[in-house]
Amino acid sequence: MFELDQLSPSVRSLKPSATLKINEDSNQLIAQGKPVIKLGLGQSPFPVPEVVVESLQAAAREKDYLPVRGLQSLRATVADYYKRRTGLGFSSDSVLIGPGSKELLFNLQMACQSDLLIPAPSWVSYAPQAHLLGRRVSYLQVSAENRWQIQPEQLDQYCQSNPAKTRLLILNYPSNPTGCSYDAASFEKLAEVARKHKLIIVADEIYAETTFSGQFQSLAEFYPEGTVISSGLSKWCGAGGWRLGLMVFPDELRPLQDAMAVIASETFTSISAPTQYAAITAFTPSSAIDAYLDASRKVLEEISTYMVSRLRDCQLEMEAPEGGFYLFVSFQNWREGLSRSGIETDEVLCERILDEAGIAMLPGSDFGMEPDQLYTRMAYVDFDGARALSAIGTGISDNFMEEYCPRLVRACDALSEWLGNR
């Protein structure tokens, strides 16, 4: 019989991923006949673009093991994609393909002998991955007043107070959980600090193509020598279950990329061959991909605008997102009423809202906030993405939300009613 104390200590203390757990819990409640509006897991609601699906079908007979670093033609296509986006001289040798950006982020932390530096709040899996590897995690506290951005002087002060040979910072923009991003002026100042302290930065750009304006700049444009770009197909291409991620490295960080390729050779070998062939279509410029992205951005922006307005009417506070499909919502204005109901932490808040209002969301403490700060993250993805995209051709109507996103409308109604009883 296998005993608990036979587990690795780093694994023994690990909890399931918060985003995956809330999705499984929600599905279990639904299976029991309980109505649940799923604002927990950040899974794209949109279908995979048809041209990409057709490419996958055409490649279904591809069965060979592919190179550890990824299919050569896919790596060249990805390099061209980022050359157009950033103006930097990437080549196929700059690119590493893996089974989702999540696995690549873990392998990078494994390969890089460094503690981890992340903003609070940030995505739920960065810190647990570091803990699995026995690495120390340091948080930079950011605030809504600065649109959840790391401030250059804050980063500089941290680096001066914590001397280390290697520092690894992961920066996600547009952000999960806040939906906020950075502008060129902010990147320029952060790049100065990063260059001064020789930081290695992973620019997690998994939500880049969901930026509502369609205009996006990468930190790599300002700090090319020290920035690794991380992305994949899951968020902008609706293909989370396909598990294709990528990283793009500057020449200066090639030893890190080489080490990750060695790790890959001893772990996942390579990812599904048909998926890699299909991904070539996803990263190749086409009118079909452009139309898909334009429509999905319009849908997400419309929903974001609606949700922010409705929730602010409930005296909830949040920064308006610039991309992605998340809201990071403060219940601070309701602290007194919540306290009367026995709610003092964000975890209890989410449990009560799920139980009493049928809305699944995640507590801010899963993202690095203190439980008594009363933040929650809502993923506004519980709608039929295919139907919503089909409506864009005729323009967004006045009743778009009621017709195409009724569950999100009900979520706002139910939360308003629940708060009104505090």
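Residues numbered from 1 in each chain as written. Predicted model: local features only at pLDDT ≥ 70, side-chain atom pairs only at ≥ 80, totals over all residues. Heavy atoms only, no water.

Our focus in this paragraph is the overall build of the chain. Tallying secondary structure elements over the chain gives 16 helices and 12 strands in all. Computed over the C-alpha atoms, the radius of gyration of the chain is 21 Å, within 12% of the 22 Å expected from 2.2 N^0.38 for a compact globule of 422 residues. For the chain, the spread of C-alpha atoms along the principal axes amounts to about 60 × 60 × 55 Å. Contacts in the chain between residues far apart in sequence, at least 24 positions, make up 74% of those at least 6 positions apart. When the accessible surface of the chain is summed, it comes to about 18100 Å², and 49% of that surface belongs to carbon and sulfur atoms. Side chains of the chain give 37 positive and 52 negative charges; the mean places of these two sets differ by 3 Å. (Helix = DSSP H or I, 4+ residues; strand = E, 2+ residues; numbered from the N terminus. Rg over C-alpha atoms; globule rule 2.2 N^0.38 Å. Contact = heavy atoms within 4.5 Å. Areas by Shrake-Rupley, 256 points an atom, 1.4 Å probe, with all protein chains shown as cover. Lys, Arg positive; Asp, Glu negative; His and termini not counted. Charge placed at Lys NZ, Arg CZ, Asp CG, Glu CD.)

What follows covers the sheet that holds strand β9 (residues 326-330). If you trace the three strands from one edge of the open sheet to the other, you get β9-β12-β11, paired in antiparallel fashion. What marks the edges here is a single partner per strand, and that holds for β9 and β11 (362-363). Two strands pair when backbone bridges link them, and β11 and strand β12 (residues 375-379) are joined in this way by two bridges, in the antiparallel orientation. Of the residues in β12, the one forming a bridge with Pro 363 is Thr 376. (Pairing = 2+ DSSP bridges.)

With that settled, consider the packing of helix α4 (residues 72-86) against helix α10 (residues 273-283). Running from amino to carboxyl end, α4 crosses α10 at an angle of 20°, the nearest separation of the two axes being 9 Å. In terms of orientation, α4 and α10 fall into the roughly parallel class. Between α4 and α10 lies a crossing of left-handed hand. Between α4 and α10, the residues in contact are Ser 73, Leu 74, Thr 77, Val 78, Tyr 81 and Arg 84 and Gln 276, Ala 279, Ile 280 and Phe 283, respectively. Among the residues forming the contact of α4 with α10, the class breakdown is six nonpolar, three polar and one charged. (Axes fitted to C-alpha atoms, helices over the stretch in contact; angles between N-to-C directions. Parallel < 35°, antiparallel > 145°, perpendicular 65-115°, else oblique. Left-handed = near helix turned anticlockwise from the far one by under 90°. Nonpolar A, V, L, I, M, F, W, Y, C, P; charged D, E, K, R; others polar.)

Geometry only, nothing functional implied.
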